[in-house]
Amino acid sequence: MKESNKDRAIKVAIEYTDKAITFKSKVGACIYSNDNLYPGFNVENKIHKGYHAEEMAIINSIQDRADPDELLGIVISYEFDDHKVYPACASCRQYLWEYTNPELLITVVDKKGNIEYESKLKYLYPMPYPERRWYLEYWRKEHGQ
Ligand SMILES: [Zn+2]
């Protein structure tokens, strides 16, 4: 059977967890569409302006000018000391809302690929700000739609 992009994204998110540049927690993420994978890992520094894995994955998709409505999901893999499940921090939920779509499937996996949490962005972040999807309008304008 053909491996789905979600299955690939699970593997890539786990792989990217190990690439994290960090003093503490390691996080890997991978946004996927039918055609592409947009991975990311967290990057920390001493000026406390680090980048979350989800953020890096979103930036990766923006660089490729991916259609926000074609993004199917994001897989997040954590290596935290407390072993709690974090389906994206508040800031990343906001970025996901602005640059992806409400139907985006958010999947949190452990290092073995077992799913620990799964839900759509619209349920995880039911009252987003702003309500209007400005980036989708921006993207459509840029692509003459
Ligand atoms: Zn975050």
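Look up: the structure comes first, before these words.
Residues numbered from 1 in each chain as written. Predicted model: local features only at pLDDT ≥ 70, side-chain atom pairs only at ≥ 80, totals over all residues.

Student: Please explain the packing of helix H2 (residues 53-63) against helix H3 (residues 90-99) as it appears in this structure.
Tutor: When two helices pack together, their arrangement is given by the angle between the helix axes and by the axis-to-axis distance. Where H2 contacts H3, the two axes come as close as 9 Å, and the packing angle between them is 15 degrees. Here H2 lies roughly parallel to H3, going by the angle between them. The handedness of the crossing between H2 and H3 comes out as left-handed. Between H2, through Glu 54, Glu 55, Ile 58 and Ile 62, and H3, the contact on the second element is made entirely by Cys 92, Tyr 95, Leu 96 and Tyr 99. Split into classes, the residues belonging to the contact of H2 with H3 amount to 6 nonpolar, no polar and 2 charged. (Axes fitted to C-alpha atoms, helices over the stretch in contact; angles between N-to-C directions. Helix = DSSP H or I, 4+ residues; strand = E, 2+ residues; numbered from the N terminus. Parallel < 35°, antiparallel > 145°, perpendicular 65-115°, else oblique. Left-handed = near helix turned anticlockwise from the far one by under 90°. Contact = placed C-beta atoms within 7 Å. Nonpolar A, V, L, I, M, F, W, Y, C, P; charged D, E, K, R; others polar.)

Student: Would you explain the sheet that holds strand S3 (residues 73-79) in this entry?
Tutor: The strands making up a sheet associate through hydrogen bonds between their backbones, and the pairing can be parallel or antiparallel. Taken in spatial order, the 5 strands make up an open sheet running S2-S1-S3-S4-S5, and their pairing is mixed. Looking at which strands have only one partner, the edges of the open sheet turn out to be strand S2 (37-41) and strand S5 (115-120). Strand-to-strand, the axes of this sheet are offset by a mean angle of 15 degrees, without reference to chain direction. Direction of pairing for S3 relative to strand S4 (residues 105-109): parallel, over a ladder of 5 bridges. Each bridged residue has a counterpart across the sheet, and for Ile 76 the counterpart in S4 is Val 108. (Pairing = 2+ DSSP bridges.)

Student: Could you clarify how one ought to interpret the pairing of strand S1 (residues 26-32) in this entry?
Tutor: In regular strands, side chains alternate between the two faces of the sheet. For S1, the buried fraction is high: 7 of the 7 residues fall into the buried class. Of the two faces of S1, the one lined by Lys 26, Gly 28, Cys 30 and Tyr 32 and the one lined by Val 27, Ala 29 and Ile 31 are each fully buried. Two strands pair when backbone bridges link them, and S1 and S3 are joined in this way by 7 bridges, in the antiparallel orientation. What sits directly across from Tyr 32, in S3, is Gly 73. Alignment of S1 against S2, held across 5 bridges, turns out to be antiparallel. (Buried ≥ 20, exposed ≤ 12 C-beta atoms within 10 Å, placed from the backbone.)

Student: I tried to follow unusual backbone geometry on my own but got confused; where do I start?
Tutor: Negative phi values dominate among residues other than glycine, just as trans dominates among peptide bonds. The omega torsion of the bond from Tyr 129 to Pro 130 falls at -15 degrees, within 30 degrees of zero and hence cis. Following the sequence through the fold, Pro 130 ends up in the loop between helix H4 (121-124) and helix H5 (134-142). The backbone of Arg 65 shows a phi angle near 55 degrees, a positive value even though the residue is not glycine. Its location among the elements puts Arg 65 in the loop between H2 and S3. Judged by local crowding, Arg 65 falls into the exposed class, with 10 C-beta atoms found within 10 Å.

Structural measurements only, silent on function.
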